[in-house]
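Fold and geometry: a report
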Amino acid sequence: METINIKIIHPTNNSDIDIGLPENILLRDVFSQLIEANFLSAGQPYTGILKPAGARKESVPLDNDKTIAENGVGNNDTVQTLIATQAG
């Protein structure tokens, strides 16, 4: 199992953390671990956006129910964390 090193940006204060993740971890589990590590606040629905890098010119919304690899996150990519808001 390959480890993917990524930078995660906090949704409100723009602080960041560099972490290594197994490529088969679900995105929602990444957020759970960041809450346990006190990087993110509990009780918020989080989602992520893959920031542009290299050949990728646009930000890409990530699916919480897919793994890091299935979302197309690669080594040294940056994920902007957002607090999800309900449409309505």
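Look up: the structure comes first, before these words.
Residues numbered from 1 in each chain as written. Predicted model: local features only at pLDDT ≥ 70, side-chain atom pairs only at ≥ 80, totals over all residues. Heavy atoms only, no water.

**Here we look at the pattern of salt bridges**
This model, assessed by the stated rule, comprises four salt bridges. Among the ionic pairs, Asp 18 bridges to Lys 7, the shortest N-O distance being 3.5 Å. Linking Asp 18 in strand S2 (residues 16–22) with Lys 7 in strand S1 (residues 3–9), this pair joins segments that are eleven residues apart in sequence. Here Asp 77 and Arg 56 are joined by a salt bridge, their closest N and O atoms 3.0 Å apart. (Salt bridge = Lys/Arg side-chain N within 4 Å of Asp/Glu carboxyl O. Helix = DSSP H or I, 4+ residues; strand = E, 2+ residues; numbered from the N terminus.)

**Regarding the pairing of S1**
The side chains of a regular strand alternate, residue by residue, between the two faces of the sheet. Direction of pairing for S1 relative to S2: antiparallel, over a ladder of seven bridges. Opposite Ile 8, over in S2, you have Ile 17 as the bridge partner. Between the antiparallel neighbours S1 and S2 lie six residues, among them Asn 14 with a positive phi of about 60°. Where S1 and strand S5 (residues 78–83) come together, three bridges link them in parallel fashion. Residue pairing across strands places Lys 7 opposite Thr 78, the latter belonging to S5. (Pairing = 2+ DSSP bridges.)

**So, the pairing of S5**
Pairing of strand S3 (residues 46–50) with S5 involves five bridges; the strand directions are antiparallel. Along S5, the bridge assignment pairs Gly 48 with Thr 81.

**Considerations on the nonpolar core**
The nonpolar side chains of soluble globular proteins are, as a tendency, buried together. In this structure, Ile 6, Ile 8, Ile 19, Leu 21, Val 30, Leu 34 and Ile 68 are the most contacted members of the largest nonpolar core, which totals 18 residues. Residues contacting Ile 68, with those up to four places away along its chain left out, are Ile 4, Leu 21, Pro 22, Glu 23, Ile 25, Leu 27, Val 30 and Val 73. (Core = buried A, V, L, I, M, F, W, Y, C linked by side-chain atoms within 4.5 Å. Buried < 20%, exposed > 50% of the residue type's maximum accessible area, 1.4 Å probe, protein only. Contact = heavy atoms within 4.5 Å.)

Take it as geometry only, folks, not as evidence of what the structure does.
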